[in-house]
Amino acid sequence: MKSKKLQSQVLYGADYNPEQWPIEVIERDVVLMKEAGINAVTLNVFGWGMIEPVENCYDFNKLDYVFDLLEHNGIGVVLATPTAAPPSWMFQKDPTMLKVNENGQRVEHWSRQAYCPNHSLYRENIRNMARVLAERYGKRSNLLLWHINNECILHCYCDCCAAEFRTWLRNKYETFERLNDSWQLQQWSLAKTDWEQIRPPIGGMTHTSASLDYQRFMSDSNMQGFLAEKEEIIRITPDIPITTNFYSIDFLGQIHHQWAPHLDVISWDSYPPHRDYAVWAAFQHDYFRSLKQAPFLLMEQASSNVNWKPYNPAKRPGMMSLQSYQAVARGAEAIMYFQFRQSRGGVEKYHSSLVSHGTESDNRVFREISKLGHELEKLDKVLQTRIHARVAVLFDITLMWLVNWNKTSQDIDYRSTVTAFYRPLYEANIAVDIVHPLEDLSGYDVIVAPMLYMFEEGVPDNLRSYVEQGGKLVMSYNSGMVNGCDVVEYGGFLRPIDDVFGIIVEEADALEPNMSNRIEWRGKSHIDSSKSSTSSTRSEIYRTDKWGEVVRLNGAEAIAVYLEDYYAGQPAVTRNGYGQGEAYYVSAHPEDSFIRELLLDVCSTAEVEPLCPKAPKGVEITIREDEGQRFMFVLNHHAAPIEIDVGWLEGAAWKDMLQQTSISGKVTIDAYSTLILEEEQG
Amino acid sequence: MKSKKLQSQVLYGADYNPEQWPIEVIERDVVLMKEAGINAVTLNVFGWGMIEPVENCYDFNKLDYVFDLLEHNGIGVVLATPTAAPPSWMFQKDPTMLKVNENGQRVEHWSRQAYCPNHSLYRENIRNMARVLAERYGKRSNLLLWHINNECILHCYCDCCAAEFRTWLRNKYETFERLNDSWQLQQWSLAKTDWEQIRPPIGGMTHTSASLDYQRFMSDSNMQGFLAEKEEIIRITPDIPITTNFYSIDFLGQIHHQWAPHLDVISWDSYPPHRDYAVWAAFQHDYFRSLKQAPFLLMEQASSNVNWKPYNPAKRPGMMSLQSYQAVARGAEAIMYFQFRQSRGGVEKYHSSLVSHGTESDNRVFREISKLGHELEKLDKVLQTRIHARVAVLFDITLMWLVNWNKTSQDIDYRSTVTAFYRPLYEANIAVDIVHPLEDLSGYDVIVAPMLYMFEEGVPDNLRSYVEQGGKLVMSYNSGMVNGCDVVEYGGFLRPIDDVFGIIVEEADALEPNMSNRIEWRGKSHIDSSKSSTSSTRSEIYRTDKWGEVVRLNGAEAIAVYLEDYYAGQPAVTRNGYGQGEAYYVSAHPEDSFIRELLLDVCSTAEVEPLCPKAPKGVEITIREDEGQRFMFVLNHHAAPIEIDVGWLEGAAWKDMLQQTSISGKVTIDAYSTLILEEEQG
Amino acid sequence: MKSKKLQSQVLYGADYNPEQWPIEVIERDVVLMKEAGINAVTLNVFGWGMIEPVENCYDFNKLDYVFDLLEHNGIGVVLATPTAAPPSWMFQKDPTMLKVNENGQRVEHWSRQAYCPNHSLYRENIRNMARVLAERYGKRSNLLLWHINNECILHCYCDCCAAEFRTWLRNKYETFERLNDSWQLQQWSLAKTDWEQIRPPIGGMTHTSASLDYQRFMSDSNMQGFLAEKEEIIRITPDIPITTNFYSIDFLGQIHHQWAPHLDVISWDSYPPHRDYAVWAAFQHDYFRSLKQAPFLLMEQASSNVNWKPYNPAKRPGMMSLQSYQAVARGAEAIMYFQFRQSRGGVEKYHSSLVSHGTESDNRVFREISKLGHELEKLDKVLQTRIHARVAVLFDITLMWLVNWNKTSQDIDYRSTVTAFYRPLYEANIAVDIVHPLEDLSGYDVIVAPMLYMFEEGVPDNLRSYVEQGGKLVMSYNSGMVNGCDVVEYGGFLRPIDDVFGIIVEEADALEPNMSNRIEWRGKSHIDSSKSSTSSTRSEIYRTDKWGEVVRLNGAEAIAVYLEDYYAGQPAVTRNGYGQGEAYYVSAHPEDSFIRELLLDVCSTAEVEPLCPKAPKGVEITIREDEGQRFMFVLNHHAAPIEIDVGWLEGAAWKDMLQQTSISGKVTIDAYSTLILEEEQG
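Definitions and limits used
Residues numbered from 1 in each chain as written. Chains lettered and ligands numbered in written order. Predicted model: local features only at pLDDT ≥ 70, side-chain atom pairs only at ≥ 80, totals over all residues. Heavy atoms only, no water. Helix = DSSP H or I, 4+ residues; strand = E, 2+ residues; numbered from the N terminus. Rg over C-alpha atoms; globule rule 2.2 N^0.38 Å. Buried < 20%, exposed > 50% of the residue type's maximum accessible area, 1.4 Å probe, protein only. Contact = heavy atoms within 4.5 Å. Areas by Shrake-Rupley, 256 points an atom, 1.4 Å probe, with all protein chains shown as cover. Lys, Arg positive; Asp, Glu negative; His and termini not counted. Charge placed at Lys NZ, Arg CZ, Asp CG, Glu CD. Buried area = accessible area lost by both parts, 1.4 Å probe. Salt bridge = Lys/Arg side-chain N within 4 Å of Asp/Glu carboxyl O. Polar contact = N/O pair within 3.5 Å; in protein donor to acceptor, adjacent residues only side chain to side chain. Core = buried A, V, L, I, M, F, W, Y, C linked by side-chain atoms within 4.5 Å. Expected span 1.5 Å × (residues − 1). Least-squares fit on C-alpha atoms with pLDDT ≥ 70 in both. UniProt positions renumbered as here; feature names shortened; annotations may be inferred. Domains from an automatic or database assignment. Phe/Tyr/Trp six-rings, centres within 6.5 Å; stacked < 30°, edge-to-face > 60°. Lys NZ or Arg CZ within 6 Å of the ring centre and 35° of its normal. Nonpolar A, V, L, I, M, F, W, Y, C, P; charged D, E, K, R; others polar. Pairing = 2+ DSSP bridges. Axes fitted to C-alpha atoms, helices over the stretch in contact; angles between N-to-C directions.

1. With respect to the overall build of chain A
Point 1. Broken down by element type, chain A carries 17 helices and 28 strands.
Point 2. In terms of overall dimensions, chain A is globule-like: its C-alpha atoms have a radius of gyration of 26 Å, near the 26 Å expected for 682 residues.
Point 3. Each of the three principal axes of chain A carries a C-alpha extent, and together these read 75 × 75 × 45 Å.
Point 4. Per-residue burial over chain A gives 68% buried out of 682 residues.
Point 5. Residue pairs at least 24 apart in sequence account for 75% of intrachain contacts in chain A once pairs closer than 6 positions are excluded.
Point 6. Surface accessibility of chain A: about 21700 Å² in total, with carbon and sulfur atoms responsible for 47%.
Point 7. Distance between charge centres in chain A, computed from 64 positive and 92 negative side chains, equals 3 Å.

Written out as structure tokens, the structure is:
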């Protein structure tokens, strides 16, 4: 990372939007920031209307004032370009800058991100705004980081995007003959004979290959805006690092692994569900950390409830701190909130904040925030330490949509399948990276690839050489169906690497909700089950539903077989030795306990074992480490205190970092609380 | 009321649309009207195409004929302006007169109310039509009442409306700086710097403040049409009263309390659900009666089933009469149907009528209609008597939408919350007015304000002075969140009057469906429970769900507390003495039995007691009264006969008005039947 | 039929789309066709882009090559005009050729059938293409059949269609006065005073009469395209028969009985559900066979799963063959698949085919296909034999929509009501025709008319004279409500022929889901129940729900009465002697067992008896016959083998056609298998 400023402390702060507040409120707020232990504030995320209320007329009075005030109070600034919210005059100047939604309708300007990301007027103006900001604030001593745009996941289907899409496609395919062939447009006489015949896929998904490339084009369109701003900024402030805050993987609009090289540090916004929040957040922390194999910033979270979910309960006492420590435990080096003070109007006015409408700071939420702020000050040593993962789960965000467009069962879902395979590793406290299938896999002992529906160019070779060189690969059903254009290669299922798995998949069977099957283990001798901690609790027969495949062995052995229906007795799960490694294939959708046994067994053969296996369920444990330094995070996700025995932990001797005491024997961790340990040297 | 004609009899009649029928059918129909006891007919509701088939070419032959025929038969006319259904030539003349729906799409002319209410061509033509009708029919001896337009709840989002909306906003806010501030448009750089930047909120709710004002603007747009017509009419027929038939509160498009002063008499259209119809209709009768604190007209109901609900059962024998008497019991002085003869085509052809397609009048429905018609003739004495309510429930129709746009829980619903607080009062036969929170409240002993989410300007002062002067106010959770622009005031929840309640609300917690809490009574000594008729059946602990709030006492006492979750032990329901009165706050969503106990206890402390508490459940009882006169309506909503004891009734001696007999001892009321009593003098 | 070629063998084949495949794949495919026993291939269904890639520039190289190859291999060709998929250049030439959907939005060209069927550019080009194809391939020796367009069910709402619709209406109604009257447009001032005022019903169903005629107009628009192509073709190849493949009755876009006279042979595409497929497919086979009272072609089916249903299980082993034999058993003389080789891209890439992506022909599906192909070669004798049905079920495809637009209960559904009345006949193996109510009914002994909501002109007379002349007619509730314009005739329910039923229907009662009634038999003496095979298992009381009607007898007798609610004791089912025949009316929606008893009893009085009543449930039996020849199909729909006794069968002696052995005694039919018997002569 470019800046040392970022590395000297765990950042703790929030978005602050001075355009919403009069000076007297701002002054009160800075006092409260100090009280809460805040050391960084994200400024100007949507402030364009304040600083350029009329074209080319700037008013920096308030922003200057806030910058000064923060500087005087020793609070750093994450400075945003306000390009997620162009002001009204720009849309008035050219109403075609308003985006067109997927039904072909131009939106009105009543919300943020109402613009077309490819519009030339927009592009000109964001370059200008970025430059003006960099020139004005680039030398500020408390400028920590640039924050470009905000959750930049726009989609637009206007004529301007249509023209850019044609250019994008020409760059990718060169000729429309190649495009026709790549997308199989001969089918249904869709072949194009002139680039002008290509229009956005308005009206929802209509052709999977076109829609897939349109999504990629949208990510690139958003990224081009980011890069345009970055270009202006780095010319002026080459030493200030740059980020943009990614949104959750539930939204397609940014193909993160393509953006990541352009960011100096990854940041993301975490709004977990109330129930089962832990695995949801853990997965995404692991994903965003893995993007650059480096610590990341939690750029936004809510202090308590949000406003936009179907139901928005308050975070129970302790829960917000616990979620913050979970982020740190998995690689975060900033804990930031949206937003410092609760907005008075608009659709977000009931999104919780540090300072709330009613009691401002005189409430349990603010007290918890302040306590956390002051605790985080004790964690500087953790900065720049790493999570060392020997296991990776493959994840391709484009499949969040592509699988849906192609699914032959309502109940097949990429997200939940990935979670089903991630969950047992998470619960066993095995460190996991979440990586794109084109990344370098050579450092991992075990790779899990749930429903890797698409094999983009390079993926089969990457997987083959990974196994060849000794890796263990577990892949699930509905994988390897298509190439990078969503077109099936001759040979079908898995074909470019079906020899790696030693199987031939003959049929896929998408079950109706009232249908199911059962499977049981066979010939598991290859898995050294004596090592498995779960072996004593094994049931014999497992339910599968939603999906089944008819698999023929072609060198592999069946380690589990179906018990019912017309493929009874045929392989359900297979294992194949290939090169120095092994490839497993799971052709059904089994219940969780089966997946857990399988994955822990495979890990065990690679000598990857659960961390602190004696710790009770619901206790999350991670290690961050560096040369000579180890930190252990023990998180109690129960609504009740839990007792742990230090003897269960790895390592020799540990010190409680918050209490600054050595620990030994049995220790109680409060409900929704965290124990942070530093390994004592020697 | 201007006209004496209306006050001489209970109006009994139906819409009649001569444009649908040949002369021979019309002649048959008038015979049937007489048979049914009909004394008033609503004419011309959608008849524009008949009387002005081509621009400026009028054909009044049939309408004149019908007017004559009715006059000769002694039947009065409620004359409608047909402005809810402009004819095809007008849309052809200027297709931009077709309205644009909320998705931005212009409709085609295949239904009524297809017009833009702000279009100049429409406005010119309705003025002209109103004048022409008044000139032609204003002197008719049997003209009882003007009926302008029909269920006038249009919404349009066209450019013409956009321009009018800007004018409306300029009138309200004067400068766009004030608009920006009022709506908090600095947020997300939505601030307007030119009025032309303002467009309708197409695409659904996008900004709550803009959408709220757009709904108000739509009500005003509809009302401007009404007023334009009224202006033409009263110039010509100053002595004929004017109404327009309101639609159910389930539809926003008319903010009734703003329209009410412009109507001489309130009328509304009642289409209750098959199940639980009684409380549904009672609430709305009370609401529409309260608008002018005067009797109202039931302008439309169905003789049996309608056609447009998901399921449309026939009204069981007696049910239609019972629903009619319920209207009279709660203030109606007209019982009118839509429509006299069942239409042959279009979407309403299976809407029941007085004369049906098949057997015309030879069926049980017509027989019941005739019986009712002749019974109503005996109720002239009831005319112009009043319901005297000492309790009011506050209701603001704009919250039917505004709460939805802002709700942080799927399960929070303004309508059902209001019903939950109205139902126990209804079931106890306590007379209730339903009033807007800006109305004069000084006459009420108890005010119930369920989920009064918005405190428009004037509301806090109105409530404060009501309590100060001795009133008892019960308010529920999710109240007082925003000002009249849907913007939160500094201080948050209830703040302008939280001192009246003596509490501070710290957090709101929108529970997921699987979450709940429990509450129990504490310190109810202030409520003289010895007076409560329900005290013997009290349970100790009550379930709450959907919502909870963390409340701090600031002078109030907790009369019920939470038993679970992190706010266990904290106040759930509070009471505070303020000035001469008392203010109660219910921070949770409790089960019905709790609400009943609370409200009846509060009423009891104000010496408002259930009417005839010994009457069995499902028997609705009301009193209409005037100087020296009292009438009691006893309605049996059971599908079986029920016996009542005259001794349970109030007053000394009663006479059955329909039978013209004195009653005493035990009386049986048939299934779905009504006993109407006149108090015998002396 | 014109061509003898079609009659010499049971056609067995599939769609083949050479534009998707390189030459080497095509050559491999023809080898596989031979292996599978294929004797016919449907070519060129979507191949326009290949053969006319640029306007007026043709490239027939590949199509010629495939034609040659097939000819050399003795495989016939069903030659399609590719007019369901115009190429991109045509849409580019005039973008208004893109259709406009029912929301008024013009589609983009990302799918087939993107065109406006009324566009002049489209019409010119399809005529040209048809002529070019006929000239080029009309003399080919292996050309069996023309296949025009594909599942031609387009809907468009563009300005071009608007203009054509006006012309269509002028042809039908002559004057707009007659149109206004026919549609009852006086109501709501919708009457038109200029043809230009008429626009398509954009925005969903808005006026039932207009929407009904628009649907008819759409069927005609599609048919005009078909007829234009046909005109070109028959001029050149008068001896080659012509078809177009109909889609399932679940889609409105073709009013089949109007198209049927223009086809030389009926063909349709069958994609049954996984569960309860047998009655679904049987009904449609009967329907499409009845259109011309002649054998038909099964033009498309899937070899296993499709891709577009919510869940797409594989067809279990045997199921595909069984479904194929079911088609033959009910009149099919071709078994064709979509498609021979699985597409590599687009939305249909997971639709099963004969040759699959992965294992191509090396799998159980292909093996089953091959087995079936070679078995079908043994069934030539069955060609041109008939099903002799003495019972007909009336079916009007326009009611699939019209009933929905007019239904007063969510739960009323034309499709499922028709199935409820068809199912007991199907299960009793009684041969049934499915005919339009305007067809000649004189040949049937029993007519069942479930929910015949609309009596088009001619229908009442047709039904009356059918009963008069001795027919037995069973009609259900919600019948005879409207005339052919969806307008109620004076008199209402059934009125034009209520004297035939001897009843007057007074009320219809659409029940809520929690409501029901019960009925029981009365006075069934007229039905000779001693003949009924089901009499021993009768219950006494039957549940009804969804619907009830209040019926008065006017000459009829009640054979079942209601037991509950306000119409308890009144007629539920009636019988009336009229002329030489009898008319039954079912006013309620009874449970299945009641319908079965009623229909089998009525059949029994007409001496129509179940076929092989001793055969177990789930065994479908049909007879195809001709002078002197009888073939019996016995289909086992169970997932397990079943034993049948030859003694149960009709006729004297039977031979197994596939095994070429005589059968006697007990015979086992495998799971999902078929026994095909030829009656031995003498």
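2. Some details on the interface of chain A and chain C
Point 1. Contacts between the two partners involve 58 residues from chain A and, on the opposite side, 51 residues from chain C.
Point 2. Taken together, both faces of the contact between chain A and chain C bury some 4500 Å²; the carbon and sulfur share is 51%.
Point 3. Contact with chain C buries surface across chain A, with A:Trp188, A:Ser189 and A:Tyr490 losing the most and accounting together for 19% of the total.
Point 4. At the surface where chain A touches chain C, the tally comes to seven salt bridges.
Point 5. The tally of links from chain A across to chain C stands at 32 residue pairs in polar contact (both at pLDDT 80 or more).
Point 6. Elements with a contribution of two residues or more to the side of chain A that touches chain C: α8 (208–236) and β14 (503–510) of chain A.
Point 7. Among the elements that line the side of chain A that touches chain C, the one with the most residues is β14(A), at seven residues.

3. Considering the nonpolar core
Residues and elements named next belong to chain C.
Point 1. Core analysis: the biggest nonpolar cluster contains 190 residues, and Leu 43, Phe 395, Leu 463 and Leu 598 have the highest contact counts within it.
Point 2. Considering each element in turn, this core owes the most residues, ten residues, to helix α10 (residues 277–292).
Point 3. Ignoring sequence-local partners within four residues, the contact set of Leu 463 consists of Leu 394, Leu 441, Leu 452, Phe 455, Leu 473, Met 475 and Ile 497.

4. Here's the deal with helix α10 (residues 277–292) of chain A
Point 1. Helix length check: α10(A), at 16 residues, gives a terminal C-alpha distance of 24 Å against a target of 22 Å (1.5 Å per residue), a fit within 8%.
Point 2. Taken across its 16 residues, α10(A) has 15 buried, putting it largely inside the fold.

5. Some thoughts on the relation of the copies chain A and chain C
The second copy of the chain is related to the first by a rotation about an axis and a shift along the axis.
Point 1. With an RMSD of 0.0 Å, the operation that places chain A on chain C is a rotation of 120° combined with a shift of 0.0 Å along the axis. The operation mapping one copy onto its partner corresponds to a three-fold rotation axis. It is A:Gln105 whose C-alpha, among those of chain A, lies nearest the rotation axis, at 5.4 Å.

6. Structural notes on the UniProt feature "binding site: Zn(2+)" (unreviewed entry) in chain A
Residues and elements named next belong to chain A.
Point 1. What UniProt calls "binding site: Zn(2+)" (unreviewed entry) maps, in this numbering, to Cys 116, Cys 156, Cys 158 and Cys 161. A compact arrangement is adopted by the annotated residues: their sequence extent is 46 residues, whereas the largest C-alpha distance between any two is 7.7 Å.
Point 2. Its place among the elements puts Cys 158 in the loop between β4 (143–147) and α6 (159–173).
Point 3. Residue Cys 158 is classed as buried on the basis of its relative accessible area of 3%.
Point 4. Leave out the neighbours within four places in its chain, and Cys 158 touches Val 100, Arg 106, Cys 116 and Pro 200.
Point 5. Those residues within four positions of Cys 161 in sequence are excluded, and the remaining contacts are Cys 116, Asn 118, Cys 156, Tyr 214, Phe 217 and Met 218.

7. Some words on the side chain of B:Thr81
Point 1. Within the element layout of this structure, B:Thr81 appears in strand β3 (residues 76–81).
Point 2. At 2.5 Å, the side chain of B:Thr81 and the side chain of B:Glu229 are in polar contact.

8. Description of the domain arrangement of chain A
Put simply, an interface is often sized by how much accessible area is lost when its parts join up.
Point 1. Taken domain by domain, chain A holds domain 1 (391–605) and domain 2 (619–679).
Point 2. The straight-line distance from the C-alpha centre of domain 1 of chain A to that of domain 2 of chain A is 34 Å.

9. Digging into the packing of aromatic side chains
Point 1. The tally for this structure, following the rule as stated, stands at 114 aromatic pairs over all chains.
Point 2. One aromatic cluster is present, built from ring pairs that chain together A:Phe226, A:Phe246, A:Trp259, A:Trp268, A:Trp280, A:Phe283, A:Tyr287, A:Phe288, A:Phe395, A:Tyr414, A:Tyr422 and A:Tyr426.
Point 3. It is A:Arg344 that lies over the ring of B:Tyr490; its NZ or CZ is 4.8 Å from the centre.

10. Quick notes on the interface of chain C and chain B
Point 1. Listed as interface residues are 58 residues of chain C and, on the opposing side, 51 residues of chain B.
Point 2. Buried surface at the junction of chain C and chain B, both sides included, amounts to about 4600 Å², of which 51% is carbon and sulfur.
Point 3. One can count seven salt bridges joining chain C with chain B.
Point 4. Put simply, chain C and chain B have 32 residue pairs in polar contact (both at pLDDT 80 or more) between them.
Point 5. Only α8 (208–236) and β14 (503–510) of chain C provide two or more residues apiece to the side of chain C that touches chain B.
Point 6. A per-element tally of the side of chain C that touches chain B places β14(C) first, with seven residues.
Point 7. Here the residues of the side of chain C that touches chain B are counted per class, giving 25 nonpolar, 18 polar and 15 charged.

11. Remarks on the sheet that holds strand β27 (residues 674–679) of chain B
Residues and elements named next belong to chain B.
Point 1. Strands sit in the order β21-β22-β27-β24-β25 across an open sheet of five strands; the sheet is antiparallel. The sheet is open, and its two edges are formed by β21 (619–626) and β25 (661–663), each paired on a single side. Sheet twist, expressed as the average angle between the axes of neighbouring strands with direction ignored, equals 30°.
Point 2. Two elements, strand β22 (residues 629–636) and β27, share five bridges in a ladder whose sense is antiparallel. Following the sheet pairing, Phe 633 is matched in β27 by Ile 676.
Point 3. Where helix α11 (residues 319–329) meets the sheet, its contacts fall on β21, β22 and β27, and the angle it forms with β22 comes to roughly 150°.

12. Re the pairing of strand β1 (residues 11–16) of chain C
On a regular strand, each side chain points to the face opposite its neighbour's, so the side chains alternate between the two faces of the sheet.
Residues and elements named next belong to chain C.
Point 1. Counted residue by residue, β1 has six buried out of six residues, so it is predominantly covered.
Point 2. Both β1 and strand β9 (residues 332–337) contribute to a ladder of four bridges, which runs parallel. If you follow Ala 14 over to β9, its bridge partner there is Tyr 337.
Point 3. One ladder, built from four bridges, connects β1 with strand β2 (residues 40–43); its direction is parallel. Considered in β2, the bridge of Asp 15 is made with Thr 42.

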